[in-house]
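# Summary of the model geometry
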Amino acid sequence: MNAEFLITSLLVVASPGTGALVTLSAGLSHGTRAALVAALGCTLGIIPHMLLAITGLATILHTSPFLFELIKYVGVLYLLRMAWLVLRDRSLLSVAGEVRRRSHLEVIRHAVLVNLLNPKLTIFFFAFLPQFIAQEDASPLLSMVCLSLVFMAMTLAVFGAYGCFAAAVRDRVLASQVAMRWLRRSFAAAFVALGAKLALAQR
């Protein structure tokens, strides 16, 4: 592990993406605890990709056009569904949403799906982590697991910070009808943009 790995990982984690949006949405809708649960769910969603990369199954995904496209477009449809729900279901970003508070299990399941349905994350682990494994490393798999755990810890910390910030300003933001209208539109547009980006992704 070196500074280059930490800096690169931080840039990847901190860049806007679906996980960050889900965590921000949870913080705005239900507060700090829900935001932290969402951050945990997004982090857990990394595990399958990590395991695929470590076991070498990412190679199959990388070389199978059909499998890659199938997972990719399921992910695109899920992101478009999220955009539709943000626009239509006002309880998702509303103080009134407290009446129908989503359980921690629902929040985690939703967050895990967001990261799970992104084949590019598997390819990222497959192509990114090996660059930081020395050729003379006696235990490359162990080193890969350690680096993956560090990446997951950074994801949890950064997403948690995003969610806590959203929870801190939620009352001020949700009290403004104009801000809420633009916030819903912005979230929906962001999900559509991320869906389009995923649809155009190449192996």
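Heads up: these notes are all about the structure in this document. Everything numeric here is computed off the predicted structure, so don't read it as measured data. Residue positions are given per chain, counting from 1 as you read along its sequence in written order. For a predicted model such as this one, the threshold for reporting local features is a pLDDT of at least 70, and the threshold for listing and counting side-chain atom pairs is 80 or more; totals across whole chains, interfaces and linings nevertheless cover every residue. Hydrogens and waters are ignored; side-chain quantities use all the structure's heavy atoms.

The subject of this paragraph is the overall build of the protein chain. When its secondary structure is counted, the protein chain shows 10 helices and 0 strands. For the protein chain, buried positions account for 43% of its 203 residues. Here the accessible surface of atoms and residues is derived via Shrake-Rupley with a 1.4 Å probe, and residues count as covered only by protein chains that are part of the display. Carbon and sulfur atoms form 69% of the exposed surface of the protein chain, whose accessible area is close to 10700 Å². Runs of E in the DSSP output that reach at least two residues are strands. Runs of H or I that reach at least four are helices, and both are numbered from the N terminus. Burial classes follow relative accessibility: with a 1.4 Å probe on protein chains only, a residue under 20% of its type's maximum area counts as buried, one over 50% as exposed, and anything between as partly exposed.

What follows concerns the packing of helix 2 (residues 18–30) against helix 7 (residues 104–116). Fitted lines through C-alpha atoms serve as axes, helices being fitted only where they are in contact, and the angles separating the N-to-C directions of these axes extend from 0 to 180 degrees. Between helix 2 and helix 7, the least distance of the axes is 9 Å, while the angle of their chain directions is 165 degrees. When the axes of helix 2 and helix 7 are compared, the pair comes out roughly antiparallel. Our pair here, helix 2 against helix 7, has a crossing hand that is right-handed. Residue-level inspection shows T18, G19 and V22 of helix 2 in contact with helix 7, the latter providing H110, A111, V114 and N115. Angular relationships are summarised with four words: roughly parallel below 35 degrees, roughly antiparallel beyond 145, roughly perpendicular across 65 to 115, and oblique for the angles in between. Two helices crossing with the near one rotated counterclockwise from the far one by less than a right angle form a left-handed crossing, whereas a clockwise rotation gives a right-handed crossing. Contact between two residues is taken to exist if any of their heavy atoms lie within 4.5 Å; hydrogens are not considered.

Before going further, it helps to examine helix 1 (residues 3–14). Expected span, for any helix, means 1.5 Å times one less than how many residues it has. With 12 residues, helix 1 should cover 16 Å at 1.5 Å per step; its first-to-last C-alpha distance of 16 Å lies within 8% of that length. If you check which residues of helix 1 are buried, you get F5, S9 and V13. All buried residues of helix 1 lie within an arc of 55 degrees about the axis, which places them on one face of the element. For helix 1, the exposed residues set more than 90 degrees away from the buried face come down to A3, E4, I7 and L11. The directions from the helix axis to the C-beta atoms are what the arc is built from.

Coordinates in, geometry out; function isn't part of it.
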